[in-house]
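# Structure assessment
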Amino acid sequence: MDADTSRRYHAFADWARGSSPTYAEWAEGIAGDDELTERISRLGERRGQPNLVFAAARWAGCGLEPFAVWRDRLLTEWDRVAAITAERRTQTNEVGRCATLLPPLSHIEGPIALLETGTAAGLCLYPDRYAYEYSSSEEGPLRTIVPERPDAAALPMLRCRVDDPGAIPETIPDIVWRAGIDLAPIDVGDADAVAWLETLIWPGPVHDERIERHRAAVDVARSDPPRIVPGDILDRLPEVAAESPPDATLVVFHSAVLLYLDAAERRRFADLVSTLGARVNRRVVWISNETAGTLPEIDGRMPQGVDATGSFIQTVDGMPVALAGQHGATYEVSALRS
């Protein structure tokens, strides 16, 4: 048994247990399986990620079966599964995150130019073209925000629970320009690539709504395809930022992207985006949604005793402002107030 792989899959099982029972069972089964941990270890760390292995297995035709049945099918299809992990990436384009992007955007003076680093298909570049329902667990729905558009009835509804009604935005931001940077951009007109994105959504009842809003968001993006520049964010950020309108506030944002960089690359990115305004002669606001442990200075600015497990630490210009649910379902600000 490969011990490192076993630990990774045990940890993933703990993380997935309350969200996707199927993935939790698969991960737990792999963690205790000598043959599978050895095979996955040979894929390497990137290709052996649970998210990628499970999506690749589903893409190869392994159904959502109990582990004992699924394991046999996985071994039968192993060569194909391994090839898929080499060809494809985990580029989950979770449109629900726009519900947690909207609150900080609402405090920025417009017009706004949006630039997403690690943008996949660019579905999160349209926060002004989705509908939102903000609620609290005690009071139910508090505010619904719907753009004034002819297609308003067809827009995906993004639902988010907040712990403070004061954090709920009141208006849709005025976004006049949008672009993204990605190592392997996804064309929303490519049916195969879009189907892969859907396969990356975890199975389980709590994720059914994610599939529906994903499909609706793809329709939004297809009606006005985003500009996505291929390349490394560390190389391309200044030149793409310089393309934005000089009279707009440039907002650089990302979600669950820096974990794919090593520590030195994260440091370079933070330094780059922090000095970007001077480089391109524009006002720049940096909104980050990343997990704890990504940047030590962010962790050091968190109030003591705050548990960010299972959430992103949302920061604006390097200062923590909220705990944002990783799929956009929750937005908590109270714990971060000093």
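Everything in this summary refers to the structure shown in the same document. Note on numbering: residues in each chain are counted from 1, in written sequence order. Thresholds applied to this predicted model are a pLDDT of at least 70 for local features of residues and 80 or more for the giving and counting of side-chain atom pairs; totals over whole chains, interfaces and linings are not thresholded and use all residues. Side-chain metrics in this entry use all non-hydrogen atoms of the structure; hydrogen atoms and water are not considered.

What follows concerns the pairing of strand E1 (residues 112-117). Throughout, exposure labels follow a simple rule: accessible area from a 1.4 Å probe, protein chains only, divided by the maximum for the residue type, with under 20% read as buried, over 50% as exposed, and the rest as partly exposed. Working definition: helices are DSSP H or I runs of at least four residues, strands are E runs of at least two. Numbering for both runs from the N terminus. Across the 6 residues that make up E1, a large majority, 6, are buried. Side chains of E1 alternate between two faces, with Ile112, Leu114 and Glu116 and Ala113, Leu115 and Thr117 buried alike. Here, a strand pair is defined by DSSP locating no fewer than two bridges between the strands. In this sheet, strand E5 (residues 175-182) lies alongside E1 in parallel orientation, the contact comprising 6 bridges. Looking at the pairing, alanine 113 lines up with tryptophan 177 of E5.

Position of serine 20 relative to the elements: it lies in the loop between helix H1 (3-16) and helix H2 (21-31). Assessed through its relative accessible area of 0%, serine 20 is described here as buried. Residues serine 20 and serine 223, 203 residues apart in the sequence, show an inter-C-alpha distance of 32 Å. Throughout, a residue-residue contact means that at least one pair of heavy atoms, one from each residue, lies within 4.5 Å. Excluding residues that lie within four positions of it along the chain, serine 20 makes contacts with Trp202, Pro203 and His207.

Another aspect to go through is the environment of valine 240. Relative to the elements of secondary structure, valine 240 occurs in helix H10 (residues 233-241). Spatially, the C-alpha atom of valine 240 lies 9.7 Å from that of valine 280, the residues being 40 residues apart in sequence. Each residue touching valine 240, except ones within four places of it in the same chain, is listed here: Leu115, Trp177, Ala179, Ile181 and Val229.

This next bit is on the pattern of salt bridges. Put simply, a salt bridge is a Lys or Arg side-chain nitrogen that is within 4 Å of an Asp or Glu carboxyl oxygen. Applying the stated criterion across every chain yields a total of 21 salt bridges. When the shortest N-O distance is used, the salt bridge between arginine 178 and aspartate 128 registers 2.8 Å. Residue arginine 178 is found in strand E5, and its partner aspartate 128 is found in the loop between E1 and strand E2 (131-136); the two are separated by 50 residues along the sequence. Look at arginine 178 and you get buried, because its relative accessible area is 13%.

Here the distance between the centres and the angle between the planes together describe a pair of aromatic rings. Two aromatic rings from Phe, Tyr or Trp, using only the six-membered ring of Trp, form a pair when their centres are within 6.5 Å; if the ring planes differ by under 30 degrees the pair is stacked, by over 60 it is edge-to-face, and anything between is tilted. Scanning the model with the defined rule gives 13 aromatic pairs in all. Taken together, a centroid distance of 5.5 Å and an interplanar angle of 35 degrees make the contact between tyrosine 23 and tryptophan 26 tilted. Here the residue tyrosine 23 and the residue tryptophan 26 both occupy positions in helix H2, the gap between them amounting to 3 residues, near one helical turn. Ring centres of phenylalanine 67 and tryptophan 70 lie 6.1 Å apart, and the angle between their planes is 45 degrees; on these two criteria the pair is classed as tilted. A residue pair is termed a helical-turn pair when its members lie 3 or 4 positions apart in one helix, as phenylalanine 67 and tryptophan 70 do in helix H5 (residues 67-76) at 3 residues. A relative accessible area of 1% places tryptophan 70 in the buried class. Here the aromatic cluster, defined as three or more aromatic residues joined through ring pairs, consists of Tyr9, Phe12, Tyr23, Trp26, Phe54, Phe67, Trp70 and Trp202.

Moving on, we get to the packing of helix H3 (residues 34-43) against helix H6 (residues 78-87). For helices, the fitted line uses only the C-alpha atoms of the stretch in contact; every axis is such a line through C-alpha atoms, and the angle between N-to-C directions lies from 0 to 180 degrees. H6 packs onto H3 with a crossing angle of 35 degrees between their chain directions and a minimal axis gap of 11 Å. With respect to the hand of their crossing, H3 and H6 are arranged in right-handed fashion. Between H3, through Arg39, Ile40 and Leu43, and H6, the contact on the second element is made entirely by Trp78, Ala82 and Thr85. Tallied by class, the residues present in the contact of H3 with H6 amount to 4 nonpolar, 1 polar and 1 charged. By convention, the crossing between two helices is left-handed when the near helix turns anticlockwise from the far helix through less than a right angle, and right-handed when the turn is clockwise. Any residue outside Ala, Val, Leu, Ile, Met, Phe, Trp, Tyr, Cys, Pro, Asp, Glu, Lys and Arg is labelled polar, Gly included; the first ten of those are nonpolar and the last four are charged.

On to the nonpolar core. For our purposes a nonpolar core is just a set of buried Ala, Val, Leu, Ile, Met, Phe, Trp, Tyr and Cys residues, chained together by side-chain atoms within 4.5 Å. Counting 76 residues, the largest nonpolar core has Phe54, Trp70, Tyr130, Tyr132 and Tyr134 as the members making the most contacts within it. Contacts of phenylalanine 54, omitting those with residues within four sequence positions, involve Tyr9, Phe12, Tyr23, Trp26, Ala27, Ile30 and Trp70. Counting 32 residues, the second-largest nonpolar core is a separate cluster that includes Val252, Leu258, Ala308 and Ile313.

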